[in-house]
Amino acid sequence: DIQMTQSPFSLSASVGDRVILTCRASQTITGFLNWYQQKPGKAPKLLISAASSLQGGVPERFSGSGSGTDFTLTISSLHPEDFATYYCQQSYSLPYTFGQGTKLDI
Amino acid sequence: QVQLEQSGAEVKKPGSSVKVSCKTSGGTFSSFAISWVRQAPGQGLEWMGMVIPIFGTTYYAQKFQGRLTITSDASTTTASMELSSLRSEDTAVYYCGSSRGPTNGDFHYWGQGTLVTVSS
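Residues numbered from 1 in each chain as written. Chains lettered and ligands numbered in written order. Predicted model: local features only at pLDDT ≥ 70, side-chain atom pairs only at ≥ 80, totals over all residues. Heavy atoms only, no water.

1. Here we look at the pattern of salt bridges
Residues and elements named next belong to chain B. What counts is decided by this rule: Put simply, a salt bridge is a Lys or Arg side-chain nitrogen that is within 4 Å of an Asp or Glu carboxyl oxygen. Each helix is a run of H or I in the DSSP string that is no shorter than four residues. Each strand is a run of E no shorter than two, and both are numbered from the N terminus.
Taken as a whole and assessed by the stated rule, the structure comprises eight salt bridges over all chains. The partner of R38 in a salt bridge is D90, and the shortest N-O contact between them spans 2.8 Å. Here D90 lies in the loop between β8 (78–83) and β9 (92–98) and R38 lies in strand β4 (residues 34–39), a separation of 52 residues in the sequence. Note that E89 is salt-bridged to R87, the shortest N-O span being 4.0 Å. It is possible to trace a salt-bridge network through shared partners that takes in R38, E46, K63, R67 and D90.

See the structure below:
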């Protein structure tokens with residue numbers, strides 16, 4: 001199975017900050033990397049697929065990059081509603097696997 | 001817009017089974033794959049398995065092999081997940097998620113989640 005490792009585990013930041021979350025795969029997944037945002041008590045929401053494809057309705061302050069084994073999710077300027085937990089997920093091969101998540105709080 | 005509606009919360013005894021359903025609407029049932037993902041209290045997301053209705057195929061994570069059965073019913077556009085031999089560690093919120101294509105693994109649509117509590 002492909003292991004996904006996210007860092008940091010948690011991150012404290014302020015409104016307006018630029019933050020970068022990272023995700024590393026245990027083997028190459030080319031560009032098959034997805035990012036989700038999850039708020040307490042809610043289902044995850046797909047933000048970015050295929051490493052850098054921003055989903056419709058997702059603010060442009062979110063961006064993704066990377067290929068192979070190393071990926072990043074950047075939030076250019078934090079808004080209050082961005083404080084949540086973020087998960088990466090590889091869809092390169094089965095079983096699909098998620099990272100352990102990065103909790104972003106104030 | 002595709003919507004996924006899951007069945008309600010369940011409380012089960014250890015050793016029993018639970019079946020959770022995921023009713024889809026607003027899309028073509030056979031055009032996507034449906035996965036099941038669970039989240040134990042305070043923990044991360046864990047992919048369990050999937051069904052591809054158009055191919056009639058299922059895939060399961062090794063961890064759940066032998067205990068998990070995922071099915072789909074095109075007539076009711078519903079996918080279901082049955083987990084047997086329940087133990088306390090199976091207490092979690094179970095989500096169904098669907099991709100936009102039968103071989104895609106990015107989950108664009110999610111159910112609201114079903115809490116399954118395993119307790120004696």
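After that view of the structure, there is still more to cover.
2. Considerations on the sheet that holds strand β7 (residues 68–73) of chain B
Residue and element names in this part refer to chain B. Put simply, the test is: Strands pair, by our definition, only if DSSP identifies at least two bridges between them. Think of each axis as a best-fit line through the C-alpha atoms, taken over the contacting stretch in the case of a helix, with angles from 0 to 180 degrees between the N-to-C directions.
An order of β1-β3-β8-β7 is seen for the four strands of this open sheet, with the pairing classed as antiparallel. Strand pairing shows two members of the sheet lacking a second neighbour, β1 (3–6) and β7, which therefore form its edges. Between one strand and the next, the sheet's axes are offset by a mean angle of 20°, whatever the strand orientation. Pairing analysis gives six bridges linking strand β3 (residues 18–25) to β8, with the strands arranged antiparallel. Bridged to V18 within β8 is L83.

3. Digging into the nonpolar core
Using the following cut-off: Remark: nonpolar core denotes a set of buried residues (Ala, Val, Leu, Ile, Met, Phe, Trp, Tyr, Cys) joined through side-chain atoms within 4.5 Å. A 1.4 Å probe rolled over the protein chains alone gives each residue an accessible area, and that area as a share of the maximum for its type sets the label: buried under 20%, exposed over 50%, partly exposed in between. Whether two residues are in contact is decided by their heavy atoms, any of which lying within 4.5 Å being enough.
Core analysis: the largest hydrophobic core is formed by 39 residues, its most contacted members being A:F98, B:W36, B:W47, B:M48, B:M81, B:L83 and B:F107. Looking at this core, the elements that each hand over two or more residues are β3, β4, β5 (46–52), β7, β8, β9, β10 (109–110) and β11 (114–118) of chain B. Element by element, the count of residues in this core is highest for β5(B), at five residues. Contacts of B:F107, omitting those with residues within four sequence positions, involve A:Y36, A:L46, A:Q89, A:Y96, A:F98, B:S35, B:V37, B:W47, B:G97 and B:S98. Grouped together as the second largest cluster of nonpolar side chains are 24 residues, A:F62, A:L73, A:I75 and A:L78 included.

4. Description of the interface of chain A and chain B
Accessible area lost upon the coming together of the parts is a frequently used measure of interface size. To keep it simple, the criterion reads: Here the quantity called buried area is the accessible surface, traced with a 1.4 Å probe, that two parts lose on coming together, added over both. Two N or O atoms form a polar contact when they lie within 3.5 Å of each other; inside protein one atom must be a possible hydrogen donor and the other a possible acceptor, and for residues adjacent in sequence the pair counts only when both atoms belong to side chains. When residues are grouped by polarity, Ala, Val, Leu, Ile, Met, Phe, Trp, Tyr, Cys and Pro land in nonpolar, Asp, Glu, Lys and Arg in charged, and all others, Gly among them, in polar.
With 16 residues of chain A at the interface, the matching set in chain B holds 21 residues. Between chain A and chain B, roughly 1400 Å² of surface is buried when both sides are summed, and carbon and sulfur atoms account for 65% of that area. A per-residue breakdown of the area chain A buries against chain B is headed by A:P44, A:Y96 and A:F98, which together make up 38% of the total. Joining chain A to chain B, the criterion identifies zero salt bridges. Our enumeration of links across chain A and chain B arrives at seven residue pairs in polar contact (both at pLDDT 80 or more). Among the elements of the structure, β4 (33–38), β5 (45–49) and β9 (85–90) of chain A are those that each provide at least two residues to the side of chain A that touches chain B. Top contributing element to the side of chain A that touches chain B by residue count: β4(A), with three residues. Here the side of chain A that touches chain B is built from residues that sort into nine nonpolar, six polar and one charged.

5. Some details on the packing of aromatic side chains
Quick reminder of the rule: For this analysis, a ring pair means two rings from Phe, Tyr or Trp (six-membered ring only for Trp) whose centres lie within 6.5 Å, classed as stacked if their planes differ by under 30 degrees, edge-to-face if by over 60, and tilted for the remaining angles.
Inspection of every chain in the model, using the stated rule, returns 10 aromatic pairs over all chains. Here the aromatic rings of A:F62 and A:Y86 are separated by 6.3 Å at their centres, their planes lie at 40°, and the arrangement is tilted. Here A:F62, found in strand β7 (residues 62–67), pairs with A:Y86, found in strand β9; they are 24 residues apart in sequence, far enough to count as distant. Take A:F62 and A:Y86: they sit in the same class, and that class is buried. Put simply, the rings of A:Y36, A:Y96, A:F98, B:W47, B:Y95, B:F107 and B:W110 touch in pairs and so form one group of aromatic residues.

6. Looking at the state of the cysteines
What counts here: To count as a disulfide, a pair of cysteine sulfur atoms needs to be within 2.5 Å.
Using the criterion set out here, one finds two disulfides over all chains in the structure. The partner cysteine of A:C23 in its disulfide is A:C88, sulfur to sulfur 2.1 Å. Classification of the bridge connecting A:C23 and A:C88 rests on its S-S torsion, roughly 70°, and on that basis the disulfide is right-handed. Taken together, the positions of A:C23 in strand β3 (residues 19–25) and A:C88 in strand β9 put the pair 65 residues apart, joining distant regions of the chain. Looking at A:C23, the relative accessible area reads 2%, which means it is buried. On the basis of relative accessibility, which here comes to 0%, the residue A:C88 falls in the buried class. The residue that forms a disulfide with B:C22 is B:C96, at a sulfur-sulfur distance of 2.1 Å. Of note, the bridge from B:C22 to B:C96 carries an S-S torsion of about 75° and is right-handed in sense. Of this pair, B:C22 sits in strand β3 while B:C96 is found in strand β9, placing the two residues 74 residues apart along the sequence. Each member of the pair, B:C22 as well as B:C96, carries the same accessibility label: buried.

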